[in-house]
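Architecture and fold: a report
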Amino acid sequence: MSTKPARMATSEPRPSETVSRPVALLAWYDRHRRRLPWRAAPGETSDPYRVWLSEIMLQQTTVKAVGPYFEKFVARWPDVTALGTASLDDVLRMWAGLGYYSRARNLHACAVAVTREHGGVFPDTEEGLRALPGIGPYTAAAIAAIAFDRHTMPVDGNIERVVSRLYAVEEELPQAKPLIQRMAATLLANARAGDSAQALMDLGASICTPKKPACSLCPLNEDCVARAQGTQDTFPRKAPKKSGTLRRGAAFVITRGDELLVRSRPEKGLLGGMTEVPGSNWLAGQEDAAAKRQAPELKGLSRWQRKVGVVSHVFTHFPLELVVYTAKAEARTRAPAGMRWVPIATLADEALPNVMRKVIAHALDLSSGPAS
C-alpha cells in the first residue's frame, strides 16, 4: 500500500479539491436526482413543512417505508398548522407501524410549538430550529439547508459513508463524526446548499451503497482514497455494536365475542401512548411462571391457553421475547380499570406498535397484522 493514501486519510482536503468536488457533485445531481414525494422539483422552492416531516420520518427508517406514511400525513394534515391542531392520539394512530414512536410524539409537540409560538412558520436558522421539540443538530441542519438554503451540511448515514470512503477515515464511528462533519462541509457549493446536501444523500443511496458500491459511476471516484486502496467496502469504520440483554415477558390476548381487550401505554417511555394488549413487565431472565402471574383479573374468564412458540421483536437497545396467552371473556364482562374493549374489525384504527401487531396476529391466527 502506498504512503500517499495513508496521508490523505488523515489530512484535510486540498484547496483545489474544495472547488472541483462540489461542482462535479451538483452536475451529477442535476442529471440523476431522485424523485421523492417531499422533494421540490428543479426550480421550485422547498416547503419547510414537507422537509421537516420527511426528515423526522426518515430517522432510522428507509425511504421506501416512509413514502406511504408521508403521503397519508400530508393528505390528512397538509400544513404544520393542521398537524399542530390535531390530537396526539390521531397522530399516533396514523404513525402506527412506522416504529420509534417517540418521533411521533416529538413530531406533534413540534407542530404545536410552531403553530402556537411561531404563527405556523418554521424558523429559518439552525439555532431557531434546534429550539423546537424533537429537532436535533442533524435535523436542524437538514431543514436549514434544504428548506432555506442555509450554508450548512447535514450529515446522515449516507453522507457519512460517502465522506468516510472519499477520505478513507480510519477513525471508528461514532468518534469519527466531528472529523466527517468537517470534511463533508468542504463539499458544499457556494450556492445551492440544499442541493449539495441532497446530492450527497442521493450519491450514498444510489451509488456509494453499503455493499458493492458502483464506483465506476461515481462523480467523485477519481479522488476517492478508499477506491484507490481497494478498501471501499470496509468504510465507514464502526465500533463493534453492543446488543442489549434479552428481555422476556407475557402478553394476554382476551376476547369478548368479536372484541379485544386493550389499554394505552403511559405517555412517557418506550412506545409511549401506544395501544397494547395487557402484558407483564419485560425483564431480563424473567421466568414464564412469574410473567403469567401478572395476567389481568376478570370475572368469568375462561382458562388461559398458551400459544405455541413466542413472539420475538428487536428494539433499539434490547431484543424481546413474549409468550402469548389467550382467553375468552363472557358477554358484558367489564374491562378492568384503565382498559377498554375494541372491535377486532377496527384494530386498524388503533395506534398499535409492530410488536403488538405480531402478538395479536399470533394469538388470533391471523396471516398478517390486524392493521396491515
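None of these values were measured; they are calculated from a predicted model. (Residues numbered from 1 in each chain as written. Predicted model: local features only at pLDDT ≥ 70, side-chain atom pairs only at ≥ 80, totals over all residues. Heavy atoms only, no water.)

1. Some thoughts on the domain arrangement of the protein chain
Going by this rule: Boundaries of every domain are those given by an automatic assignment or by a domain database. Only heavy atoms matter for contacts: two residues are in contact if any of them lie within 4.5 Å across the pair. The buried area of a pairing is the accessible area, by a 1.4 Å probe, that goes missing from both parts when the two are put together, added over both. One speaks of a salt bridge when a side-chain nitrogen belonging to Lys or Arg is within 4 Å of a carboxyl oxygen belonging to Asp or Glu. Helix and strand assignments follow DSSP, with helices taken as H or I runs no shorter than four residues and strands as E runs no shorter than two, numbered in order from the N terminus.
Each domain of the protein chain was delimited in the assignment, giving domain 1 (21–234) and domain 2 (247–364). The gap between the C-alpha centroids of domain 1 and domain 2 is 36 Å. In this complex, domain 1 contributes 9 residues to the contact, which on the side of domain 2 involves 14 residues. Carbon and sulfur atoms make up 49% of the surface buried where domain 1 meets domain 2, a total of about 880 Å² over both sides. Together, R93, Y101 and R105 form the three largest contributors to the area buried by domain 1 at its contact with domain 2, with a combined 51%. Along the contact surface separating domain 1 from domain 2 lie 0 salt bridges. A per-element tally of the side of domain 1 that touches domain 2 places helix α6 (residues 88–95) first, with 3 residues.

2. Observations regarding the packing of helix α10 (residues 157–166) against helix α12 (residues 193–206)
Using the following cut-off: In this analysis, axes come from line fits to C-alpha atoms, helices being fitted only over the stretch in contact, and the angle between any two N-to-C directions falls in the range 0 to 180 degrees. Convention used here: angles under 35 degrees read as roughly parallel, angles over 145 as roughly antiparallel, angles from 65 to 115 as roughly perpendicular, and any remaining angle as oblique. In this count, Pro and Cys sit with the nonpolar residues alongside Ala, Val, Leu, Ile, Met, Phe, Trp and Tyr, while Asp, Glu, Lys and Arg are called charged and the others, Gly among them, polar.
Contact pair α10 / α12: the axes reach a minimum separation of 8 Å and the direction vectors enclose 80°. In this view, α10 runs roughly perpendicular relative to α12, as classed from their interaxial angle. Contact with α10, carried on its side by N158, I159, R161 and V162, involves A197, L200, M201, L203, G204 and A205 of α12 and no other residues of that element. The class makeup of the residues in the contact of α10 with α12 is 7 nonpolar, 2 polar and 1 charged.

3. Some details on the layout of surface pockets
Test applied: Both site types are read off a 1 Å grid over the protein atoms alone. A 1.4 Å probe that fits but cannot get out defines a cavity, while an open set with protein on both sides within 12 Å along at least five of seven lines defines a pocket; lining residues have an atom within 4 Å of a point. Grid points are joined across faces, edges and corners, and a volume is the space filled by probe spheres set on the points.
Its volume calculated, the largest pocket comes out at about 1000 Å³. Considering only residue class, the lining of the largest pocket consists of 15 nonpolar, 16 polar and 6 charged. A domain split of the lining of the largest pocket shows at least three residues from each of domain 1 (21–234) and domain 2 (247–364). Secondary-structure elements contributing two or more residues to the lining of the second largest pocket are α7 (102–117), β6 (311–314) and α15 (354–363). In the lining of the second largest pocket, the residues fall into 10 nonpolar, 8 polar and 1 charged. When residues of the lining of the second largest pocket are assigned to domains, at least three fall in each of domain 1 (21–234) and domain 2 (247–364).

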